[in-house]
Amino acid sequence: MPSKTVLIYADGDFERLAEARQNVGVAERQALAAQAAPGRLGDDVDADAEVAAAQARYDEIVDEATARAEEWVIGSIGHEEWRSILAEHPPRKVPGEGENPAETDHPDDADWGVNIETFGKALLMYADPEDDVHRTVVKAGDVALDTIGGLGRRIKRLSIGQLETLWVTAYVLNTGGISDPKAARYSPGVPKSDAT
């Protein structure tokens, strides 16, 4: 079954990453300005080295943040379970407008085909009652998945952006087609034919 790892960063890492990214941008602009300015005798500024140092510091901060990040592994659940969850969370209906008074799907639900207020959490909480290993959330940081309460509490504490990232990842895993990596192989050269 396909799965995908999603990292949830915390503890101010986004602020540190943004600051480091900004420092790279400043170094790059200073390097461009130094290249455009005429060189003066005695100038000993290596702008490229300053850019490389800022980029290296950014990479260090990324590695530090990744080491601290909470790792979630999201898996597909299979077509029967998927269809069952879809049926349990149909799109909300709203009254039609204007000349068409018929009910239509809620605008937030229309693109997804589900009630996005309830579907995401239900999808993430799915665990096969007959096989506890078969579940949407295969790993959620250090949370014990053998208890629904632990996973439920952790999901409840996610930000809306984190929750949406996780359930949309599960949605894509369950609705995506099969890709063949052999179809994207690199060719060693231009194909040749004796016929031409």
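Residue indices follow the written sequence of each chain, beginning from 1 at its first position. For this predicted model, a pLDDT threshold of at least 70 governs which residues receive local features, and a threshold of 80 or more governs which side-chain atom pairs are given and counted, while totals over whole chains, interfaces and linings are taken from all residues. Side-chain numbers come from the whole structure's heavy atoms, not from hydrogens or water.

(A) Up close: the packing of helix α1 (residues 13-36) against helix α2 (residues 47-68). Two numbers describe how α1 lies on α2: the axes approach to 8 Å, and their chain directions differ by 170°. Classified by the interaxial angle, the pair formed by α1 and α2 is roughly antiparallel. In this count, Pro and Cys sit with the nonpolar residues alongside Ala, Val, Leu, Ile, Met, Phe, Trp and Tyr, while Asp, Glu, Lys and Arg are called charged and the others, Gly among them, polar. Here the residues of the contact of α1 with α2 sort into 13 nonpolar, 4 polar and 7 charged. Axis lines are fitted through C-alpha atoms, for helices just across the contact stretch, and the angle between N-to-C directions can take any value from 0 to 180 degrees. Strands here are runs of E lasting at least two residues and helices are runs of H or I lasting at least four, both read from the DSSP assignment and numbered beginning at the N terminus. Roughly parallel means an angle under 35 degrees; roughly antiparallel, over 145; roughly perpendicular, 65 to 115; everything else is oblique.

(B) Layout of the pattern of salt bridges. One side-chain nitrogen of Lys or Arg within 4 Å of one carboxyl oxygen of Asp or Glu is enough to make a salt bridge. All told, the structure shown has 8 salt bridges when counted by the stated rule. Among the charged side chains, a salt-bridge network with shared partners connects D13, R16 and R68.

(C) Structural detail: the sheet that holds strand β1 (residues 3-8). For two strands to pair, DSSP has to find at least two bridges joining them. The strand order across the open sheet formed by 3 strands is β1-β2-β5, and the pairing between neighbours is antiparallel. Among the strands making up the open sheet, the edge pair consists of β1 and β5 (137-140). For this sheet the average axis-to-axis angle between neighbouring strands, irrespective of direction, equals 15°. Here 3 bridges tie strand β2 (residues 70-75) to β5, and the two strands are oriented antiparallel to one another. Following the sheet pairing, I74 is matched in β5 by V137. Here helix α7 (residues 160-175) sits on the sheet in contact with β1 and β2, set at roughly 170° to β1. In what follows, a contact means two residues having at least one pair of non-hydrogen atoms within 4.5 Å.

(D) Up close: the packing of aromatic side chains. Centres within 6.5 Å make a pair out of two Phe, Tyr or Trp rings, where for Trp the six-membered ring is used; the pair is then stacked when the planes are under 30 degrees apart, edge-to-face when over 60, and tilted otherwise. For the structure shown, the criterion picks out 8 aromatic pairs. Taking the centre distance of 4.9 Å and the plane angle of 90° together, the rings of W112 and Y171 count as edge-to-face. Of the two residues, W112 sits in the loop between α4 (107-110) and α5 (119-125) while Y171 sits in helix α7, which places them 59 residues apart along the sequence. Owing to a relative accessible area of 28%, W112 belongs among the partly exposed residues under this scheme. Each residue is assigned to one of three classes by its accessible area relative to the maximum for its type, calculated with a 1.4 Å probe on protein chains only: buried under 20%, partly exposed between the two thresholds, exposed over 50%. Classification of Y171 by relative accessible area gives buried; the value is 16%. Taking the centre distance of 6.3 Å and the plane angle of 75° together, the rings of W167 and Y171 count as edge-to-face. With W167 and Y171 both in helix α7, this residue pair falls 4 residues apart, about one helical turn. Note on accessibility: W167 and Y171 belong to one class, buried. An aromatic cluster is built from W82, W112, F119, W167 and Y171, whose rings are joined through pairwise contacts. By definition, being over a ring means that NZ of Lys or CZ of Arg is both within 6 Å of the ring centre and within 35 degrees of the ring normal. Between R21 and the ring centre of Y58, over which it is positioned, the NZ or CZ distance is 4.4 Å.

(E) Examining α7 more closely. Its 16 residues give α7 an end-to-end C-alpha distance of 22 Å, which sits within 8% of 22 Å, the value for a rise of 1.5 Å per residue. Listing the buried residues of α7 in full gives L163, L166, W167, T169, A170, Y171, L173 and N174. A helix is expected to span 1.5 Å for every residue after the first.

(F) Structural view of α2. The end-to-end C-alpha separation of α2 is 32 Å, in line with the 32 Å expected for 22 residues at 1.5 Å each. For α2, the set of buried residues is A47, V51, A54, Y58, I61 and A65. For α2, the angular spread of the buried residues around the axis is 85°, confining them to a single face. Along α2, exposed side chains directed more than 90 degrees from the buried face belong to D63 and A67. Starting at the helix axis, one direction is taken to each C-beta atom, and the arc is that of these directions.

Bear in mind that shape data such as this cannot, by itself, settle questions of function.
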